[in-house]
Amino acid sequence: MRAVIAESYERIHRSNLVGMGVVPLQFKADGWTKLGLTGEEIVTIRGLSDVNIGKLRPRQDLWVELFRPSDGKMARFPVRCRIDNQTELDYFKAGGVMPYVLRNLAA
């Protein structure tokens, strides 16, 4: 899993996701119910590809694109990256806290 999209986060849950190398994303406008999400959608998050990770910034806005195979519908909506500071971004880019610490110890 690369990312989690939610309507809101408790601080500790958001922090734990980052610590595991998972980016927490937050709906900016409509939530999952208003978007009619069912869980079957194929999700693409623009800005989180391996090429773009180096350009990611704390609290950056990204776009999610969804495709629902059962009816062929597509949706596109903005989300906010809830990596809130540079330290969390460093953890995420390393793949989580443990890989970050191990790389620093090895160096």
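Placed above this text is the structure.
The shown structure was predicted, so the numbers you read here are calculated from the model rather than taken from an experiment.

So what about the overall build of the protein chain? Which residues, and what values?
Of regular secondary structure, the protein chain possesses 4 helices and 5 strands. Going residue by residue from the N terminus, the α and β elements of the protein chain occur as β-α-β-α-β-β-β-α-α. C-alpha atoms of the protein chain, sized along the principal axes, occupy 50 × 30 × 20 Å. Counting all 107 residues of the protein chain, 33% fall into the buried class.

Can you explain the packing of aromatic side chains? Please cite residues and give values.
This structure, assessed with the given rule, holds 2 aromatic pairs. Measuring from centroid to centroid gives 4.9 Å for Tyr91 and Tyr100, while their planes differ by 75 degrees, and the two rings are edge-to-face. What makes Tyr91 partly exposed here is its relative accessible area of 24%. The ring of Trp63 is capped by Arg76, whose NZ or CZ atom sits 4.2 Å from the centre of that ring.

Any details on unusual backbone geometry? Residues and values, ideally.
Even without being glycine, Arg59 reaches a positive phi, approximately 60 degrees. Turning to its location among the elements, Arg59 is positioned in the loop between strand S3 (42-46) and strand S4 (61-68). Residue Arg59 is classed as partly exposed on the basis of its relative accessible area, which comes to 39%.

Reading the values: the criteria
Residues numbered from 1 in each chain as written. Predicted model: local features only at pLDDT ≥ 70, side-chain atom pairs only at ≥ 80, totals over all residues. Heavy atoms only, no water. Helix = DSSP H or I, 4+ residues; strand = E, 2+ residues; numbered from the N terminus. Buried < 20%, exposed > 50% of the residue type's maximum accessible area, 1.4 Å probe, protein only. Phe/Tyr/Trp six-rings, centres within 6.5 Å; stacked < 30°, edge-to-face > 60°. Lys NZ or Arg CZ within 6 Å of the ring centre and 35° of its normal.

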